[in-house]
Amino acid sequence: MIYFVGAGPGAVDLITVRGQRYLEQADVIIYAGSLVNPALLDAAKPGCKIYNSAYMTLEEVLAVMEEAAQKGAVVVRLHTGDSSLYGTVREQMDALRERDIAFEVCPGVSSLFGAASSLQMEYTLPEVSQTLIITREEGRTPVPKKESIAELASHQSTMVLFLSSGLAKKVQEDLLAGGYQPDVPVAVVYKATWPDEKILCTSVGKLAEAMEASGIDKMALIIVGEVLGEQYAKSKLYDASFSTAYRKV
Ligand code: SAH
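Model, not experiment: these values are computed from the prediction.

Here is what the cut-offs are and how they apply
- Residues numbered from 1 in each chain as written.
- Predicted model: local features only at pLDDT ≥ 70, side-chain atom pairs only at ≥ 80, totals over all residues.
- Heavy atoms only, no water.
- Core = buried A, V, L, I, M, F, W, Y, C linked by side-chain atoms within 4.5 Å.
- Buried < 20%, exposed > 50% of the residue type's maximum accessible area, 1.4 Å probe, protein only.
- Helix = DSSP H or I, 4+ residues; strand = E, 2+ residues; numbered from the N terminus.
- Contact = heavy atoms within 4.5 Å.
- Salt bridge = Lys/Arg side-chain N within 4 Å of Asp/Glu carboxyl O.
- Near = heavy atom within 4 Å.
- Polar contact = N/O pair within 3.5 Å; in protein donor to acceptor, adjacent residues only side chain to side chain.
- Nonpolar A, V, L, I, M, F, W, Y, C, P; charged D, E, K, R; others polar.
- Domains from an automatic or database assignment.
- Phe/Tyr/Trp six-rings, centres within 6.5 Å; stacked < 30°, edge-to-face > 60°.
- Lys NZ or Arg CZ within 6 Å of the ring centre and 35° of its normal.

Q: Would you mind showing me how to read the nonpolar core here?
A: The nonpolar side chains of a soluble globular protein tend to be buried with one another. Judged by nonpolar contacts, the single largest core of 23 residues is most densely connected at Met 159, Leu 175, Tyr 180, Val 188, Met 211, Ile 222 and Val 224. Only α5 (149-153), β7 (158-162), α6 (168-177), β8 (185-190), α7 (207-214) and β10 (220-224) provide two or more residues apiece to this core. Dropping the residues within four chain positions of it, Leu 175 is found in contact with Ile 149, Ala 153, Met 159, Tyr 180, Val 204 and Val 224. The next biggest cluster of nonpolar side chains, apart from the first, holds 20 residues, and it includes Val 5, Leu 23, Cys 48 and Leu 78.

What follows is the structure, encoded as structure tokens:
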């Protein structure tokens with residue numbers, strides 16, 4: 001059996017209980033070494049074979065999975081955060097389906113949520129933004145035209161950019177082109193929940209300059225929006241003058 005496990009954003013105790021159990025049972029672990037905290041591998045049992053997929057192609061990963069599955073071994077494919085976001089997991093799942101190899105997916109805490117907890121913020125605030133756009137700047141991986149940052153920026157909703165911290169100048173230009181004002185707040189979270197996490201608070205107009213000065217150009221999320229500011233309306237749910245199914249005025 002193959003288990004795709006979300007490793008969480010970095011801190012070793014932010015993997016799920018279920019994911020930790022699979023790690024402890026694994027005969028083979030294939031982990032995404034560029035981002036997964038290697039300290040998680042301390043949970044592996046003696047004799048567990050460990051592969052770092054940063055040095056492997058898709059075919060090599062599949063070959064390890066296939067051989068292990070034929071022997072009835074337990075394989076954990078450990079992906080950073082949650083595997084459903086920029087996880088390269090679909091191509092693996094499709095290949096396993098073709099080969100009739102059984103697999104399961106165990107969710108993880110995305111760095112998206114690790115970063116919000118580090119910032120002690122809320123992505124969705126009444127009367128500010130009720131929508132979160134998860135996207136990335138175009139790099140070597142193309143992004144559909146309709147999803148360009150400038151296009152998405154027109155919504156002025158909260159936006160989280162993955163895989164874009166090496167492209168800060170372009171991000172800034174696109175956000176401005178899309179209509180964000182230069183003073184809209186931006187937070188950059190480098191290695192959220194890792195011991196060497198860094199937080200940078202800046203604004204759309206100063207993003208590129210601030211990131212250059214900080215030296216952050218990888219493993220970071222760029223969070224944009226007025227939810228990082230001071231203004232918002234309080235919730236209706238806990239408003240004393242507002243009846244809910246559980247609480248009458
Ligand atoms: N599936 C992962 C994302 C993988 S894509 C998840 O759910 O988090 C890799 C990108 O994720 C990185 O370039 C960076 O933008 C972001 N990332 C992953 N871990 C991070 C962390 N601990 N802190 C900040 N950003 C992180």
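Q: Just to check I follow, could you spell out the pattern of salt bridges for this structure?
A: Opposite charge on two side chains lets them pair, provided their charged atoms get close. In the structure shown here, the tally under the stated rule is 9 salt bridges. Residues joined by salt bridges that share partners form a network here, namely Arg 90, Asp 94 and Arg 97.

Q: How do you make sense of the site of the ligand when you look at a structure like this?
A: Near the ligand you find 18 residues, and of these Pro 9, Leu 85, Ser 111, Ala 192 and Ala 220 are the closest. Within the backbone of Leu 163, an N or O atom sits 3.0 Å from an oxygen atom of the ligand. Its residues assigned to classes, the shell around the ligand comprises 12 nonpolar, 4 polar and 2 charged. Mapping the shell around the ligand onto the domain boundaries places at least three of its residues in each of domain 1 (2-106) and domain 2 (111-228).

Q: It is not clear to me how the packing of aromatic side chains should be interpreted in this structure. Could you clarify?
A: Two aromatic rings, taken as a pair, are described by how far apart their centres are and by the angle between their planes. Within the structure shown, the criterion is met by 3 aromatic pairs. Relative to Phe 103, the ring of Phe 4 lies with its centre 5.8 Å away and its plane at 85°, an arrangement referred to as edge-to-face. Placement of Phe 4 in strand β1 (residues 2-6) and of Phe 103 in strand β5 (residues 103-106) is noted, with a sequence separation of 99 residues between them. Against the face of Trp 194 rests Lys 191, its NZ or CZ located 4.2 Å from the ring centre.

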